Structures are given as structure tokens and as C-alpha cells.
Amino acid sequence: MAMTLTHLGTGSRGNATLLETEHAKILIDQGFSGAQLEKRLGRLNLHPTDIDYVFISHHHGDHGGGAAVTQKRWNVKIQANHRTAEELGLIPELTHYFDSLDVINVSQDLSVLAVPVPHSGADNVAFVASHNGHRAAVITDLGSWTDELVTHVRGCEHIAIEANYDHNRLMNGPYPYSLKDRISGRGGHLSNEQTGQFLAQVCTPATKSISLTHLSVKNNQPHLAESTVLYHIDEIFSGDISISLQDGPERSHFIGEKVEVESPENESPLNQ
Ligand SMILES: [Zn+2]
Ligand SMILES: [Zn+2]
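Residues numbered from 1 in each chain as written. Chains lettered and ligands numbered in written order. Predicted model: local features only at pLDDT ≥ 70, side-chain atom pairs only at ≥ 80, totals over all residues.

### Notes on the overall build of the protein chain
Here is step 1 of the chain: When helices and strands are counted, the protein chain shows nine helices and 14 strands.
Here is step 2 of the chain: Relative to the compact-globule value of 19 Å for 272 residues, the protein chain shows a C-alpha radius of gyration of 19 Å, a close match.
Here is step 3 of the chain: Dimensions of the protein chain, computed from the C-alpha atoms along their principal axes, are close to 75 × 45 × 35 Å.
Here is step 4 of the chain: Within the protein chain, the proportion of its 272 residues that are buried is 48%. (Helix = DSSP H or I, 4+ residues; strand = E, 2+ residues; numbered from the N terminus. Rg over C-alpha atoms; globule rule 2.2 N^0.38 Å. Buried ≥ 20, exposed ≤ 12 C-beta atoms within 10 Å, placed from the backbone.)

### A closer look at helix α1 (residues 34–42)
Here is step 1 of the chain: Residues L37, R40 and L41 constitute the buried set of α1. Mapping the buried residues of α1 onto a view down its axis gives an arc of 95°, with all of them on the same face. Facing away from the buried side of α1, by more than 90 degrees, are the exposed residues A35 and G42.
Here is step 2 of the chain: Turning to α1, the residues buried within the fold contact β1 (3–9), β2 (16–20) and α3 (67–74). (Arc of directions from axis to C-beta. Contact = placed C-beta atoms within 7 Å.)

### As for unusual backbone geometry
Here is step 1 of the chain: In this chain, G248 is followed by P249 through a cis amide linkage whose omega measures 0°.
Here is step 2 of the chain: Along the polypeptide, P249 turns up in the loop between β13 (240–243) and β14 (253–255).
Here is step 3 of the chain: A positive phi angle, close to 60°, is found at N75, a residue other than glycine.
Here is step 4 of the chain: One can find N75 in the loop between α3 and β5 (77–80).

### So, the sheet that holds strand β3 (residues 25–28)
Here is step 1 of the chain: Read from one edge to the other, the open sheet built from seven strands follows the order β6-β5-β4-β3-β2-β1-β14, with strand pairing classed as mixed. Here the strands that pair on one side only, and so sit at the sheet edges, are β6 (95–97) and β14. Mean inter-strand twist for the sheet, computed between neighbouring axes without regard to direction, equals 25°.
Here is step 2 of the chain: When β3 meets strand β4 (residues 53–55), the two strands line up parallel, connected through three bridges. Within β4, the position partnered with L27 by the bridge is V54. (Pairing = 2+ DSSP bridges. Axes fitted to C-alpha atoms, helices over the stretch in contact; angles between N-to-C directions.)

### Let's talk about the environment of A126
Here is step 1 of the chain: Among the structural elements, A126 can be located in strand β9 (residues 125–131).
Here is step 2 of the chain: Exposure remark for A126: the 25 C-beta atoms within 10 Å place this residue in the buried category.
Here is step 3 of the chain: Linking A126 and I56, residues 70 residues apart in sequence, is a C-alpha distance of 9.6 Å.
Here is step 4 of the chain: In contact with A126, not counting residues within four places along its chain, are V115, V117, A137, V138, I139 and L149.

In C-alpha cells form, the structure reads like this:
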């Protein structure tokens with residue numbers, strides 16, 4: 001069975017992504033209310049109690065705001081680093097703590113690597129999930145990136161990454177200068193342009209699909225994100241690119257899918 005990745009929704013009003021294998025179901029981030037999580041999982045015929053772990057990237061409300069309620073209401077276990085767990089006031093008995101670059105073994109067919117990324121006032125991490133040698137990355141909320149991130153994401157089959165804002169729209173838009181500075185700074189978010197530049201470093205022939213996430217409603221548009229990113233990776237990427245918006249769940253991405261091998265016709269020597 002392939003690993004499936006389904007965004008339940010991404011953006012400044014909440015993020016959660018479901019990763020499913022034969023033996024495990026995890027969420028990456030839980031920035032929704034309990035009711036919203038229940039509703040969104042319900043559309044996939046799942047319930048929060050079906051989730052083995054929720055991995056939290058960082059403590060900002062749109063990523064970790066629903067973590068505590070998920071523990072309290074459904075006893076779901078959370079995986080987070082110490083800073084994030086502390087900021088969110090998580091229940092220690094239901095929290096597993098990881099450090100940067102730890103590989104967390106979830107089940108016999110799923111492990112998750114946590115890679116630190118720069119993001120203002122938070123110990124944020126990107127996650128790289130491995131399923132029988134097939135890898136998918138979920139990367140969000142970073143103003144820039146490190147060589148370490150490039151090393152770990154390079155050649156992933158699926159890459160979900162934020163394309164937060166269009167530079168011109170942000171600069172000409174309604175936000176005060178201080179906020180524009182913060183968003184576009186080293187610890188802010190990635191612009192479409194930066195996301196394209198990052199993807200140009202990490203896409204290989206193994207990269208089959210990309211989803212662009214966490215688009216700013218005020219400072220971006222799906223067509224701008226997609227065209228800007230494709231401009232940077234046009235020559236190295238021929239897979240499927242999609243945009244994840246706030247209201248999911250969206251269609252699933254399959255990682256490590258078995259390729260149907262056509263059986264050669266008239267194989268038997270008797271037919272020759
Ligand atoms: Zn954030
Ligand atoms: Zn965010």
C-alpha cells in the first residue's frame with residue numbers, strides 16, 4: 001500500500017495534514033478547533049481517535065492551536081519538541097518529545113524526521129516522512145532555509161511546501177511596514193519566488209508531485225504561486241503540482257505507489 005498525504009486545510013486560519021500508511025495514521029499540525037478537526041476527518045470516514053500521533057511543527061496557533069484540545073478530548077498523543085510543547089501547555093503524559101534531527105519511528109512502515117527551520121519566535125521544524133524507502137516532506141512557515149534542509153528534502157517523492165506570498169503584492173498591499181518586514185525577513189515566510197528557488201535545489205527525477213500550501217489570502221493568488229514556482233523548476237520537474245487552500249480535505253497524494261507493469265504479450269515461447 002502506498003503512503004497517502006491529504007491536506008485537511010492549510011493557511012493562516014489553520015493547518016493539518018493527514019499521512020496514512022497501512023499501519024499508521026498521523027497528522028502533521030493541528031491548527032483547527034476540535035469540531036473542525038472532527039468534521040474534516042469525518043469527510044474521510046475517520047475520527048480523531050483513529051490518529052496515532054499528531055506531530056506539531058511549531059506553537060503558532062494556526063499549527064498547534066488545536067493540539068491541547070486533541071489531547072484532552074480524545075487522548076491523542078502529540079509529538080513535539082520541548083519549546084513547542086511548553087508554549088502549547090501540552091499534557092506531559094500524552095506528549096512525546098523529539099529533538100532536532102531525531103528520527104521518530106511511528107510504526108513498522110512509517111518514520112518521521114524533524115529538521116529545524118528558521119521562523120520568528122518559534123522552534124519550527126519541517127518533517128520528512130519515510131515509508132518503505134519512499135519519502136514525503138511537509139515544510140511550512142520558514143523565512144529562509146539551510147543546507148541541512150536541502151540535504152534531507154532532496155529527492156523526496158512528494159514535497160508539500162508553503163508558497164506564502166507574492167513579493168509585489170505584499171509590498172504594495174495593505175500591511176504596515178513592520179509586518180511586511182517580518183513576513184519577508186529571514187524568520188518569516190517563503191515568497192513564491194523563494195519557494196521556486198528552494199524547489200530548484202531539491203527536485204530530482206524522483207520528485208513526482210508538489211503541493212503548494214499556506215497561501216496568504218491578501219498577498220497571493222494560486223495562479224501566481226503556481227506560475228512563479230514552475231518558472232524555476234520547469235526544466236527539472238515534470239510531475240504534478242497542486243495548490244492546497246484553507247478548506248479541505250483535498251485530494252490525496254500517493255507516495256510509493258506501485259507502478260502497474262504491463263505483462264508482455266505472447267510471452268510464452270510456444271507462441272513464437
Ligand atoms: Zn508560524
Ligand atoms: Zn502558519
